[in-house]
Amino acid sequence: MSKILIRGAQVLGGEPQDVLIDGSEIAEVGQGLAADGADVVEAGGKILLPGLVDLHTHLREPGREDSETVLTGTRAAASGGYTSVFAMANTFPVADTAGVVEQVYRLGKESGYCDVQPIGAVTVGLEGKKLAELGAMHESAAGVTVFSDDGKCVDDAVIMRRALEYVKAFGGVVAQHAQEPRLTEGAQMNEGVVSAELGLGGWPAVAEESIIARDVLLAEHVGSRVHICHLSTAGSVEIVRWAKSRGIDVTAEVTPHHLLLTDELVRSYNPVYKVNPPLRTERDVMALREALADGTIDIVATDHAPHPHEDKDCEWAAAAMGMVGLETALSVVQHTMVDTGLLTWEGVAERMSWAPARIGGAAGHGRPVSAGEPANLTLLDPAYRGAVDPAGFASRSRNTPYEGRELPGRVTHTWLRGRATLVDGKLQ
Amino acid sequence: MMRHLISAADLTRDDAVLILDTAEEMARVADRPIKKLPALRGRTVCNLFFEDSTRTRISFEAAEKRLSADVINFAAKGSSVSKGESLKDTAQTLEAMGVDAVVIRHGASGAPYRLATSGWIDAPVINAGDGTHQHPTQALLDAFTMRRRLIGPDAGLGQGLDGKRITLVGDVLHSRVARSNVDLLHTLGAEVTLVAPPTLIPVGVENWPCEVSYDLDSTLPKSDAVMMLRVQRERMKAAFFPTEREYSRRYGLDGDRMARMPGHAVVMHPGPMVRGMEITAEVADSERCTVVEQVANGVSIRMAVLYLLLGGNEPAVTHPAPATTPATKRSAPASASRIEEK
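All residue numbers here refer to positions counted from 1 along the written sequence of the relevant chain. Key to labels: chains lettered from A, ligands numbered from 1, both in the order written. For a predicted model such as this one, the threshold for reporting local features is a pLDDT of at least 70, and the threshold for listing and counting side-chain atom pairs is 80 or more; totals across whole chains, interfaces and linings nevertheless cover every residue. In computing side-chain values, all of the structure's heavy atoms are included and hydrogens and water are not.

Quick notes on the environment of B:Arg288
All names here are of chain B. Each helix corresponds to a stretch of at least 4 residues labelled H or I by DSSP, and each strand to a stretch of at least 2 residues labelled E; elements are numbered beginning at the N terminus. With respect to the element layout, Arg288 can be found in the loop between helix H11 (281-284) and helix H12 (291-310). Measuring from C-alpha to C-alpha, the distance between Arg288 and Gly263 comes to 9.2 Å, with 25 residues separating the pair along the chain. We call two residues in contact whenever any of their non-hydrogen atoms come within 4.5 Å of each other. Ignoring anything within four residues of it in the chain, the contact list for Arg288 reads Arg149, Met258, Met261, Pro262, Gly263, Ala265, Val266 and Val267. A distance of 3.4 Å separates a polar side-chain atom of Arg288 from the backbone oxygen of Met258. Throughout this description, a polar contact denotes any pair of N or O atoms lying within 3.5 Å of each other; where both atoms belong to protein, one of them has to be capable of donating a hydrogen while the other can accept it, and for residues adjacent in sequence the pair is counted only when both atoms sit in side chains.

Listed below in structure tokens is the structure:
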């Protein structure tokens, strides 16, 4: 592998520096480095970040290859600046055995665009009744450390307690999709003023908050850590803040769409805005931004949820829930957190690379941008302005809520262990 | 006025009054020996019903036939998903057959809005009830019934329902009739009060232009019209109220309660009634109950809506001579200018 010199990039948004990649590692970081035969990438005005890590991605393979495959999903990830993604377990068959997680792991290795770390199901078939063989998944080639029934809540308090306890044996973590099932039967959107008007079944904030409250108390009781997926309400923020102040080992994520969009958009009945948990209110959005800024919410995770066109080109109730997000995440975070002054670029690196890698145990990812580290890097042009055009997506699906919306910033280069997966916005 | 009729909230006061006044003209046709007008001759209207609703469907069908439209009934029971064909494909099939308007009833809130705004078809869309969202022609026929009863068929022309106190009682949460009525009655100047157990009032109701009460008895003496909403017995199973008998005792309308209403006040019900649940037979069969009248008025209102959305340039009743020209179907929805001229 040849040498690459990234010249004049603002590393973590700081002063311009040169970064020399030699093979799979960062060889040197400093000013005025000699090209010395390396390929030079002029990066003046651009931001250099550690390769992004997504703790919450749906790659759909095996089972729903019509919406995404590991290959197309990892290409989308590379386009969005990611070098590591955690693939959720709600595939067909469910990733609840060593066999399925190893398949996903192997497909990730073959893709070459982005490391894929499979997430294992907590319970067999995501049914919430019987623990899956968590140990076997951990000991498999995939080395699973994150377990989640995402898409479904582990609602049985005893099963949740046991899962939290059991994974301590090998340093695992349970990522909870917090949704009290009885309170959300027939739920179609956030319950509130807009749902009352539109006549769509309500998904009340309390259905999320009550599960989070229960689970942080369970985690405290058994001395485990717990991770909360896609936290979406102001009340959830309060609970997590309280739990952290109490010393409970809880981490939480927020999606880019919950940082920007509100349930007012549902007035269009356009299912591109249908997602679970649902878009909430302006007040929730502001609370989530503040919580991400002050560290109550640890990370941004995309919940990239590809769906084929026909599953969104229909009436609201019939539509699938979810949005693609890998290719727009960094732009949305720049728009909502950086351009608003809430986060520095170093803060973005923490929330989109370092912290998710720590929580999920992604070896070689989420590292400092310094000599001797694996060359997992993302280069972003923050001055770019352009309307989102799903036709240009690498994902197999187009279900983005941002079509036609102008968002700032564009990932121009991504390196995975020194190999350029994205150059000038083009996949390699 | 809009090209489609999706929500009662979309109607301006002028639109609504025009529809009520036009319905008054249509009602007169019903008194003629030959109850038929040529206004929609050569036009094809499809009644696209994804949900069973014999009443609403035959009401639209009667309205369409009295306006001389060709009628296609498409009963696609069950959701589009369970049927295997999407709403989009069904719509495009109808479009290809040259349908000039689609009357749609669908179990999913927002389905008519999607049909009208997604570019799937060009034809005007009339919402005949969608999920728990809207049922605008029901609200219009209710308002029409109130105006006739409380003001008078002739005296009411050109008027709204200003200052009238209307009480809606029952399962507001699951009711598209309630949502449509609140919107339209407010537009027409009425004061609306919703009465229900708190479990059957939606979270978020505070933004609706109406009052909410949990107490029927105190509301009745202040009502010019009391509309009882159907309460499905299945709701009991989901713990919205403990028993059918308790619901009836607290929120049902019986003879004693009716006696608390002012002498001129009427009792309404969108049907079908659950006798013994929200309304007793004594009330349902009384002179003050407008249920049968509402059904008759429904045909007049639907004629008015179809005529105004599709009628082109032909006057409806006053000069019923010339036939429409069926060749130019796309020119049909000139309803906006047509209505402003009037």
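There's more to say after this.
Overview of helix H1 (residues 13-30) of chain B
Expected helix span is computed as 1.5 Å times (number of residues minus one). In this model H1(B) runs 26 Å from its N-terminal to its C-terminal C-alpha over 18 residues, within 8% of the 26 Å that 1.5 Å per residue would give. Across the 18 residues of H1(B), 14 count as buried, placing the element largely inside the fold. The cut-offs for exposure are 20% and 50% of the maximum accessible area for each residue type, with area from a 1.4 Å probe on protein chains only; residues under the lower value are buried, those over the upper are exposed, and the others partly exposed.

Here's the deal with the pairing of strand E2 (residues 16-22) of chain A
Residues and elements named next belong to chain A. Note: strand E1 (residues 3-11) against E2, 6 bridges, orientation antiparallel. Across the sheet, the residue bridging to Lys3 is Asp22, located in E2. Connecting E2 to the next strand, strand E3 (residues 25-30), in antiparallel fashion are 2 residues, including Gly23 with a positive phi near 65°. Whether two strands pair depends on DSSP finding at least two bridges between them.

A word on helix H7 (residues 234-245) of chain A
All names here are of chain A. Between its first and last C-alpha, H7 extends 17 Å over 12 residues, near the 16 Å set by a 1.5 Å rise per residue. Among all positions of H7, only Ala234, Ser236, Val237, Ile239, Val240 and Ala243 are buried. Two residues or fewer past H7, Gly247 is found with a positive phi of approximately 90°.

With respect to the packing of aromatic side chains
Pairing of aromatic rings covers Phe, Tyr and Trp, the last counted by its six-membered ring, and requires centre-to-centre distances within 6.5 Å; plane angles under 30 degrees mean stacked, over 60 mean edge-to-face, and any other angle means tilted. Here the structure, examined in full by the defined rule, presents 5 aromatic pairs over all chains. Centre to centre, the rings of A:Tyr166 and A:Phe170 are 6.2 Å apart; their planes meet at 80°, and the pair counts as edge-to-face. When the ring of B:Tyr247 is compared with that of B:Tyr251, the centres are 5.7 Å apart and the planes differ by 35°; the resulting orientation is tilted. Pair noted here: B:Tyr247 and B:Tyr251 are both in helix H9 (residues 244-251), with a separation of 4 residues, about one helical turn. For B:Tyr247, a relative accessible area of 2% gives the class buried. Classification of B:Tyr251 as buried rests on a relative accessible area of 3%.

Side note on the side chain of A:Ser140
All names here are of chain A. Relative to the helices and strands, Ser140 is located in the loop between helix H3 (134-139) and strand E9 (146-147). The exposure class assigned to Ser140 is buried, which follows from its relative accessible area of 10%. In terms of polar contacts, Ser140 uses its side chain to reach the backbone carbonyl oxygen of Met137, at 2.8 Å. If we ignore the near neighbours within four places in the chain, the residues touching Ser140 are Ala98, Val101 and Glu102.

Quick look at the pattern of salt bridges
Residues and elements named next belong to chain A. Salt bridges are counted wherever a side-chain nitrogen of Lys or Arg sits within 4 Å of a carboxyl oxygen of Asp or Glu. Inspection of every chain in the model, using the stated rule, returns 32 salt bridges over all chains. A salt bridge links Asp311 to Arg64; the nearest nitrogen and oxygen atoms lie 3.6 Å apart. Here Arg64 lies in the loop between strand E6 (52-57) and helix H1 (70-79) and Asp311 lies in the loop between strand E15 (299-300) and helix H9 (329-338), a separation of 247 residues in the sequence. The class for Asp311 is partly exposed, based on a relative accessible area of 22%. The partner of Lys244 in a salt bridge is Asp298, with the nearest N and O atoms 2.7 Å apart. With Lys244 in helix H7 and Asp298 in the loop between helix H8 (282-294) and E15, this pair connects stretches of sequence that are 54 residues apart. You can call Asp298 buried: its relative accessible area is 18%.

A few points about the state of the cysteines
The term disulfide is used for any two cysteine sulfur atoms that are within 2.5 Å. This structure, assessed with the given rule, holds 0 disulfides over all chains. With no disulfide partner, A:Cys114 has as its closest neighbouring cysteine sulfur the one in A:Cys229, 18 Å distant. Among the residues examined, A:Cys114 registers a relative accessible area of 1% and is labelled buried. Free cysteine A:Cys314: the closest other cysteine sulfur is in B:Cys46, separated by 20 Å.

Brief notes about the sheet that holds strand E9 (residues 266-268) of chain B
Residues and elements named next belong to chain B. Taking strand neighbours across the sheet as the criterion, the 5 strands line up as E7-E6-E5-E8-E9 in an open arrangement whose pairing is parallel. Sheet topology places strand E7 (211-213) and E9 at the edges, where each strand pairs with a single neighbour. Pairwise comparison of adjacent strand axes, ignoring direction, gives a mean angle of 20° for this sheet. Bridging between strand E6 (residues 191-195) and E7 involves 3 bridges; their strand directions are parallel. What sits directly across from Val195, in E7, is Ser213. An axis is simply a line fitted to the C-alpha atoms; with a helix, the fit covers only the stretch in contact. Between two such axes, the angle follows the N-to-C directions and lies from 0 to 180 degrees. Packing against the sheet, helix H6 (residues 136-150) makes contact with strand E5 (165-169), strand E8 (225-228) and E9, and its axis sits at approximately 165° to E9.

Scope: geometric values only; no functional claims are made or implied.
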